[in-house]
Every structure is written in C-alpha cells, then in structure tokens.
Amino acid sequence: MTTEEKLAQLYGLWAGASADGAEVAPHQHDMDRPPSLDELLPHGLGQLTRPFGTVPVDPALGALSLMRTQERIVAANRFSIPAMAHDECLAGFAAWGATTYPVPLSWGASFDPELVREMAGAIGHDMRSVGLHQGLAPVLDVVRDARWGRVEETIGEDPYLVGTVATAYVQGLESAGIVATLKHFAGYSASRGGRNLAPVSMGARERADVILPPFEMAVRESGVRSVMHAYTDTDGVPGAADEELLTGLLRNTWGFEGTVVADYFGIAFLKTLHGVAADWSGAAVAAITAGVDVELPTVKTFGRPLREAIAAGEVPEELEELIDRALRRVLTQKAGLGLLDPEWSPVPPALAAHAPYDDAAPLRGTVDLNSPARRDISRRLAERSVILLRNDGTLPLTVPVPVPEARTASSSSDSLPIASDSLRIALIGPQGETPTAVLGCYSFPVHVGAQHPDTPAGIELPTLREALAAEFPGSEIVAVPGAGIDSPDTSGFPAAVRAAREADVVVVALGDRAGLFGRGTSGEGCDAEDLGLPGVQGQLLDALLDALDGTGTPLVVTLLAGRPYALGRAAEEAGAVVQAFFPGQEGTSAVAGVLSGRISPSGRLPVSVPRLPGAQPSTYLAAPLARVSEVSSIDPTPAFAFGHGLTYTSFDWSDLVASDSAGTDGSLELSFTVRNTGGRAGTEVVQLYLHDPVASVVQPVQRLIGYVRIPLEPDERASVAVTVPADLASFTGRDGRRIVEPGALELRLGASSADVRLTAAATLTGPVRRVDHTRELHTRFTVTRGGATGPA
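All values reported here derive from a predicted model rather than from experimental measurement.

## A few points about the overall build of the chain
1) Next: A count of helices and strands for the chain gives 20 helices and 30 strands.
2) Next: Computed over C-alpha atoms, the radius of gyration of the chain comes to 27 Å, within 12% of the 28 Å expected from 2.2 N^0.38 for 792 residues, which places it in the range of a compact globule.
3) Next: The dimensions of the chain, computed from C-alpha atoms along their principal axes, are 90 × 70 × 55 Å.
4) Next: Evaluated residue by residue, the chain yields a buried proportion of 60% over its 792 residues.
5) Next: Sequence-distant contacts, at least 24 apart, represent 79% of the contacts inside the chain between residues at least 6 apart.
6) Next: Accessible surface, the chain as shown: approximately 28,200 Å² in total, 49% of it carbon and sulfur.
7) Next: Taken as two groups, the 62 positive and 95 negative side-chain charges of the chain have centres that lie 1 Å from each other.

## Some remarks on the nonpolar core
The nonpolar side chains of a soluble globular protein tend to be buried, and buried together.
1) Next: One finds Phe93, Tyr169, Phe185 and Leu555 to be the most contacted residues of the largest nonpolar core, which totals 214 residues.
2) Next: When sequence neighbours within four positions are dropped, the list of residues in contact with Phe185 reads Leu212, Phe215, Val227, Met228, His229, Ala230, Leu245, Leu246, Leu250 and Trp254.
3) Next: By size, the runner-up hydrophobic cluster in this structure holds 33 residues, among which are Val674, Leu690, Leu745 and Val771.

## Some details on the sheet that holds strand 9 (residues 259-261)
Either a parallel or an antiparallel arrangement is found when strands of a sheet pair, and the pairing is made through backbone hydrogen bonds.
1) Next: Read across the open sheet, the 3 strands follow the order 5-6-9; overall the sheet is parallel. Both outer strands of the open sheet, strand 5 (181-185) and strand 9, are each paired with one neighbouring strand and no more. Averaged over all adjacent pairs, the angle separating strand axes in this sheet is 25°, with direction ignored.
2) Next: Sheet topology places strand 6 (residues 226-229) next to strand 9; 3 bridges connect them, and they run parallel. Along strand 9, the bridge assignment pairs Met228 with Val261.

## Topic: the side chain of Ser443
1) Next: Looking at where Ser443 falls in the secondary structure, it is placed in the loop between strand 13 (424-428) and helix 15 (444-447).
2) Next: A relative accessible area of 3% means that Ser443 is categorised as buried.
3) Next: Here Gly440 takes part through its backbone oxygen, which lies 2.7 Å from a polar atom of the side chain of Ser443.
4) Next: In contact with Ser443, not counting residues within four places along its chain, are Thr100 and Val448.

## Some thoughts on the environment of Ala718
1) Next: Note on placement: Ala718 falls in strand 23 (residues 717-725).
2) Next: Separated by 536 residues in the primary sequence, Ala718 and Leu182 place their C-alpha atoms 36 Å from one another.
3) Next: With sequence-adjacent residues up to four places away left out, Ala718 is seen in contact with Phe672, Thr673, Val674, Ile710, Leu712, Val783, Thr784 and Arg785.

## Overview of helix 6 (residues 159-175)
1) Next: For helix 6, which comprises 17 residues, the first-to-last C-alpha distance of 24 Å matches the rise-based estimate of 24 Å (1.5 Å per residue) to within 8%.
2) Next: By the criterion of burial, helix 6 is predominantly enclosed, with 15 of the 17 residues buried.
3) Next: Two or three places before Tyr160, at the opening of helix 6, Asp158 has a side-chain oxygen 2.8 Å from that residue's backbone nitrogen.
4) Next: Positioned one or two residues after helix 6, Gly177 has a phi angle of 90°, which is positive.

## Quick word on the packing of aromatic side chains
1) Next: Here the structure, examined in full by the defined rule, presents 14 aromatic pairs.
2) Next: Centre to centre, the rings of Trp653 and Phe672 are 5.9 Å apart; their planes meet at 15°, and the pair counts as stacked. A residue pair is termed long-range when its members are at least 10 positions apart, and Trp653 in strand 18 (residues 651-658) and Phe672 in strand 20 (residues 667-676) qualify at 19 residues.
3) Next: An aromatic cluster is built from Phe111, Tyr160, Tyr620, Phe642, Tyr689 and Tyr707, whose rings are joined through pairwise contacts.
4) Next: Cation over ring: Lys183 sits above Tyr442, and NZ or CZ is 5.7 Å from the ring centre.
5) Next: Here Lys271 stacks its cationic end above the ring of Trp280, 4.6 Å away from the centre of that ring.

## Describing helix 11 (residues 280-290)
Side chains that are three or four residues apart share a direction in an α-helix, a result of its 3.6 residues per turn.
1) Next: Listing the buried residues of helix 11 in full gives Ser281, Ala283, Ala284, Val285, Ala287, Ile288 and Ala290.
2) Next: Following helix 11 by one or two positions, Gly291 adopts a phi angle in the positive range, close to 130°.

## Considerations on the sheet that holds strand 28 (residues 769-770)
1) Next: If you walk across this open sheet you meet the 3 strands as 24-25-28, and the pairing is antiparallel. Of all the strands in the sheet, the pair left with one neighbour each is strand 24 (731-732) and strand 28.
2) Next: Bridging between strand 25 (residues 738-740) and strand 28 involves 2 bridges; their strand directions are antiparallel. Along strand 28, the bridge assignment pairs Val740 with Arg769.

## Focus: the environment of Tyr620
1) Next: Relative to the elements of secondary structure, Tyr620 occurs in the loop between helix 20 (587-596) and strand 18.
2) Next: Through-space distance from the C-alpha of Tyr620 to that of Leu777 is 21 Å; in sequence the pair is 157 residues apart.
3) Next: Apart from residues no more than four positions distant in its own chain, Tyr620 is found in contact with Glu157, Asp158, Ser608, Arg627, Phe642, Tyr689, Gln702, Arg703, Leu704 and Ser753.
4) Next: Of note is the side chain of Tyr620, whose polar atom sits 2.8 Å from the backbone nitrogen of Leu704.

## Observations regarding the confidence of the model for the chain
Should pLDDT be low for a region, the predicted coordinates there are not to be read in detail.
1) Next: Averaged over all residues, the pLDDT of the chain is 94; the fraction at 70 or higher stands at 96%.
2) Next: When the criterion is pLDDT under 50, residues 399-420 qualifies, and its contacts beyond four places in sequence or with other chains add up to 41 contacts.

## Observations regarding the pairing of strand 16 (residues 555-561)
1) Next: With 7 of its 7 residues buried, strand 16 lies for the most part within the structure.
2) Next: Sheet analysis places strand 15 (residues 505-511) next to strand 16, joined by 6 bridges and oriented parallel. Bridge pairing links Val506 to Leu555 in strand 16.
3) Next: Regarding topology, helix 18 (residues 537-548) serves as the crossover connection from strand 15 to the parallel strand 16, and that connection is right-handed.

## What to know about the state of the cysteines
1) Next: Counting across every chain of the model gives 0 disulfides.
2) Next: Not engaged in a disulfide, the cysteine Cys441 finds its nearest cysteine sulfur in Cys526; these two sulfurs lie 7.1 Å apart.

## Examining the side chain of Asp126
1) Next: With respect to the element layout, Asp126 can be found in helix 5 (residues 113-129).
2) Next: Its relative accessible area of 8% is what places Asp126 among the buried residues.
3) Next: Of note is the side chain of Asp126, whose polar atom sits 3.0 Å from the side chain of Arg374.

## A closer look at the pattern of salt bridges
1) Next: Taken as a whole and assessed by the stated rule, the structure comprises 40 salt bridges.
2) Next: Notably, a salt bridge pairs Asp293 with Arg251, separated by 2.9 Å at the nearest N-O pair. Of this pair, Asp293 sits in the loop between helix 11 and helix 12 (304-311) while Arg251 sits in helix 9 (residues 243-253), and the two are 42 residues apart along the sequence.
3) Next: Under the relative-accessibility criterion, Asp293 is labelled buried at 1%.
4) Next: Each of Glu118, Asp376, Arg379, Arg380, Glu383, Glu471 and Arg598 takes part in salt bridges that share partners, so that together they form one network.

## Points about the packing of helix 5 against helix 6
1) Next: Between helix 5 and helix 6, the least distance of the axes is 7 Å, while the angle of their chain directions is 30°. The orientation of helix 5 relative to helix 6 falls into the category roughly parallel. Crossing of helix 5 over helix 6 shows right-handed handedness. When helix 5 is examined against helix 6, the residues Pro113, Val116, Arg117, Met119, Ala120, Gly121, Ile123 and Gly124 are found in contact with a partner set consisting of Thr164, Val165, Ala168, Tyr169, Gln171, Gly172, Leu173 and Ser175.
2) Next: Here the contact of helix 5 with helix 6 is built from residues that sort into 9 nonpolar, 6 polar and 1 charged.

Calculation notes
- Residues numbered from 1 in each chain as written.
- Predicted model: local features only at pLDDT ≥ 70, side-chain atom pairs only at ≥ 80, totals over all residues.
- Heavy atoms only, no water.
- Helix = DSSP H or I, 4+ residues; strand = E, 2+ residues; numbered from the N terminus.
- Rg over C-alpha atoms; globule rule 2.2 N^0.38 Å.
- Buried < 20%, exposed > 50% of the residue type's maximum accessible area, 1.4 Å probe, protein only.
- Contact = heavy atoms within 4.5 Å.
- Areas by Shrake-Rupley, 256 points an atom, 1.4 Å probe, with all protein chains shown as cover.
- Lys, Arg positive; Asp, Glu negative; His and termini not counted.
- Charge placed at Lys NZ, Arg CZ, Asp CG, Glu CD.
- Core = buried A, V, L, I, M, F, W, Y, C linked by side-chain atoms within 4.5 Å.
- Pairing = 2+ DSSP bridges.
- Axes fitted to C-alpha atoms, helices over the stretch in contact; angles between N-to-C directions.
- Polar contact = N/O pair within 3.5 Å; in protein donor to acceptor, adjacent residues only side chain to side chain.
- Expected span 1.5 Å × (residues − 1).
- Phe/Tyr/Trp six-rings, centres within 6.5 Å; stacked < 30°, edge-to-face > 60°.
- Lys NZ or Arg CZ within 6 Å of the ring centre and 35° of its normal.
- pLDDT = per-residue confidence, 0-100.
- Right-handed = clockwise from strand over helix to strand, strands pointing away.
- Disulfide = S-S within 2.5 Å.
- Salt bridge = Lys/Arg side-chain N within 4 Å of Asp/Glu carboxyl O.
- Parallel < 35°, antiparallel > 145°, perpendicular 65-115°, else oblique.
- Left-handed = near helix turned anticlockwise from the far one by under 90°.
- Nonpolar A, V, L, I, M, F, W, Y, C, P; charged D, E, K, R; others polar.

Right, here's the structure in full:
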C-alpha cells in the first residue's frame, strides 16, 4: 500500500455534518469543511461517521444510502476495502425512530448488569441490521463532581458499579457483532470545577484506584475492541498524546489488542486547545506516537498535513513503523468483522429481502427499530431504575390518601379512603407535559431532532400527565407548569399554589432539559454552577410546601433529571420523593407505576443526592478528612446516600456467619439470611462495602466491592453465601504498585452506604502482597431462594 492508502484507513469522514447547524461535537464549527467523498475515494476510507445519527432519515433509506456509499468506496479503492461505519448508542441507537432507553445513570440505578447486557444486545442487533459496525459507547467515567454536565452519561460515582454495569453493556453490544468503544480514557469526569473539557488535577493514586478500574475490568472481561481517548489533560499531558496511558498501560500491561480512536477532533485539539503541537502534522505525529490509531470524526490531521510532512521529511524516521502499527490494528479489526472477506456484501441484513434496490420508495417504513420487544426492554429497565428516595406513607397512592379536615364531611378521622380512580391530582412543574423530559442529550430526538423541529420524534413519548391519566383513569388531573426549567420567571407560582390547594394529592414534576453546549441544563457542555434545582424550580417547590403546610394534602416530588439535585426542605418535608434519571421513552409510565403501586420500586442511587447545593465536589468515596468535621463550616453529608432506595415492603437481615481471618492471598467467607417481612413482593439490593481502618495510604471510609439483587415474595427467605477474595482489599501503595496489606478489615453488608445491616470483622494475615492486572476483581455471591441455588 502507498502512504496515501495506508493513511486513508486511519481516518473517518463525516459527510453529513452541517457547517451551519447547531454543534453536536465540541468546536465543530472551528474546523474546516472536510474533503468530499469523491476526493478521498481513490485511496480508500477507514471510517464513515454517523450515517444515521446526523440528520433524521428513515432507517431503511439510511441503510440503503450506507449500502450505496460502501459500494462506491469498495469500487474506487485498489484493494476493495469497505469503510467501518460507526454511530452513537449511549441511550439506544441514535437513529430516527429507534427505541430510546434509559441513560447510563439509570443503568447504574438498576444495579442490574444482566438487564443492561440484554439491552445492549438489542441495540447492537439493530445497529448491525442496518449496516453499522461500531458503537461509541459505553462511558466508563466515574463521577467525581456532579456539576459536570455529562453526569447523565455516566453510570455512577463508584468504580465497581461502573465497571460491572459497563462490562455487561460491552458484552451485549459485542455479542451482536458491534465493536464497542470504551470512553473516555481516562479522567474526563474529574475536570476542575465540573467544567466540560477542563484540565484534570488528579494524583496518580486517584487515577489508579478510582478512574482506571472500570476500564481495566472491561478490557479484561468484555471482549471490547475499541477505546476512545479523553479530551482532557491530566497534569499537563493531554489524553490524545499520553503514550504511557494509551500504549504503556492499555496495551503493554493490560494486553488490549483493538483500536484506539480519537474523540471527535481530539487530535486537532493538541494544537488548538492544548498547545502541545505547533501544526496539524505535529498533532498527528503526537497522537499516533502515543497510540491513537484512527482520527474521528473526519479527516483533519491524518490526511494532507501528515502526507505533506512525510514527503518533506519533516517527521521522525520511525513514523512509517507507527503508521504500519495503526494500519495493522485497523485492518485486523476489519478482517474480524468480515469486511476483508472475498464474499463480503454491502447489503445489510435489514435490506436482504428487499432486492432489487432500484426504487427506494418501497423501502420506506420497512425497518422497525422500535419493536414491542425493544420497548419491553426499555420499560423493564426504566421500572428497575426508578428510585424511591423518601416516603412517609403517602405512596403508593392506591392506599388511603390524607385529606385536610376542612375538606372532609366529618372531622372524626385524619384521612378518608379515596380510591385511586377518583383522585384530583394537581400535576405541577415544568416536566409534567414535556414529552422529551425523559430523554438524555445523546438520545436522537434531543441530540439531532432538536435541530429539526418540523420532523416528528419518530417514537411515542407520553408525557407524565398522559402516563398519570393512564395509571389513574378515573381521576381528574390538573396540570400547571408553575415555572420553566431554567427560566427566572415566577409569575406562574400563584396558579400552581391555587391548583395545589384544590387537589387531593400534589405531584410536582421537576428536573432537567437535556441539551448540548449550553442548550440544556444537563448534557455535554451543560455544566452547573451548583446543585440547586435549575431556574426557580427550588423556589416553586418551597412555595408549594408552604401552601400545603398544615392542610394534610400530600406532596410527591418527581424528578426527571440528568444529575442529582439538592432538594432543600423537600428532602424532609415532602410526603414522597421519586427520582428517575432520564428513564427513556417508557419512563413516565414507570414513574406513574411507582406512584400507583403497580410497580414496587427497586432502584438504588448510583450517585449521592446532596443536602447542600454548593458542597461540591463530594462523593461517597471520601476519606475521613472529606467528611463533616468541627474544623469546617461546610457539611458535605448527603441528603440521600449512594446506594439508597426505598421499597414498598421491608426486609430483615440476620444469621451472619463469617470467617475471621484469611491470608493476603486467600478469601474471606460470609453467609447470612434476607427475609421479606412485608406484605408484598419486593427486591432487596444487597451491597457489600469494604472498610480498611488502617492502611499505609489514606483510604476512603468505605467502598463498594460487590452487590446482588434479590427479589422475594412476602415472607420468603434467601440464604446468601459470599466469597470475598483478599485481592479486593488491594490499593495503590506509596511506591505506585498495587498491594494487599495484612491487618484488620470490616465487611459491611448494607442496603446503602449509609444503611449497614450486618458487619463482619476480619483480619488479613501474612506478608504484604503485590498484585497486578491479573488479580481477582469480583466478590462472588450465591443465593439460595425457593429451593434454587446459583451464583449471582
């Protein structure tokens, strides 16, 4: 292959990107228009960028267009090599008419990797059916500051939860033949001040023990075939130029053999934003030397600038070897996808039965990316991710609802039995009648559809009002917005208060508007100054609490949001608080089902909910000095802790038996019983936390090392056996190597990080032991329930 042909395999083309529309990638409009496909065709092309996720297109016609483009690419280059085609798939396949699933923060809230794996398999199947090869997901960034706009894209603030759920997602996507892409490698979520694409101030130990473990787990266990570098710099080294990270750790230590792709325009940013390259060719050389194999989204530095620098002899002599290294990885991946097979066909499975393709019109509407089976997965995940944060007995609404004395026929009782089909519900807040209130910024209707307001969403997005009407068919629902998402206008407060005083129950619908680069309150580039509710929503909530004080009318707060928010007085005064993190197209039905009691809530918080809006950054992974103390006037204690979530039943934990010691190369054994002591079925999420009271370097007070969901019928018991490898007590020592130290430990079994039910004290004995990337990563649970025994 000539130099031009080699380089052509190392970049993509974003042919459909608009130069005058709203940005969907950072600094998109700062870049020159890319070359046309015709200009690039003679040398080949490595990637096609977002053929479905750039503009609304009927899926069948999009598949046909992609097929015809591939035919042109194959016919024009000397070796008949097709391009890989990639798209976004963070909250479902980002295509018009495709199912929208809950965002990753809801995946974390489900504590259900198996269901996430099923969802990812469905997403991958749909992408593969229309001719795609690679998906740019999942995000493995661990939340370090919830003000960061991309919190909705993360799985949570704990590396073990992030790692297990993300690994399951990758396994599902890869099982369908789609190349998954781990991102953003590494540290993007720890940017200063919670600002997007800001520098990262992080020590090597925090990086090793908090940021990197999810990536390590996914590389080891998922079969992932691609990694995307982070935009940020850590201690002055940009992710796209970090050879120690992209080659030393990822490849030489962890053994990753796939491709490293650039985050969009990330190589160009080495010149424009980071200032570590003087020109485009210098940026290209820095990236390919570090280990970046593919420039995305479109050709900028790996094309003409690099070719001309090579021809002029302006680049290092070893560059040819580095180009060959990247080329080998790209072609190996294409070969694994069957793209180099002599019998390869550009016809995607979805069009296979529709030949010939001379007339596109009959194809319209023949590809269904939102089937009942897909909607069912979205529904189940939404239902399992809704979190009941607070409940004083108000929920479910099918039980008697308190009614103020002045509105009852008799004052002899504090409440009247109001049937769920005869409630007068005041639905107050900006999320009550907003169809897109359930969608994150990478869902197609928000990410792309917002730029095409005349194009229908392509999927049904029932509002919370419509979901409540379906859930309570005989009830009267009065919807009053009261305020906008981020507007300063309070003129709607009086109408909201009036509706609340006339209602049997008040449901307050608050939260975020997903968007990009300041066009929303959550999403990429939509960072928050603090964690107070956007706009005047917090004031609206307080006004309603004041208006209902002493009336007995229950107030239920529902949150459709992309990050946790401080709720002020409502955290203690509201009758109930229900949190849903952008739960997808089936999300309002899931929330309504929790309110009615049709669904027994089982979601748990993947991030802490702050008590104060300004006590950031703060996560539960805190050392003693980061917690409340007498020497600081700021109390970072959360209102609701990581792992918290209530149910409509109760559970008893008992009969703990635990080994009291093990070697630093051994395992600790635990067993205990969980019983449903309430009157209805429910799911307990058992969480295991490790507390290391004395270590050679400062440790968080506790950290999650295992969890398991246990569904139980009333009065049903489950016997749980737990094996905890000593490797899970490892951390990065003072010399930068990971070690297991002898000494005392506590294993805390809890319903949340703040609700420990059983504690086992144990001692690790023997010498300090060094461990590496081959160490054990998981606690093993075996649950015996209803006569069946199996690992969980």
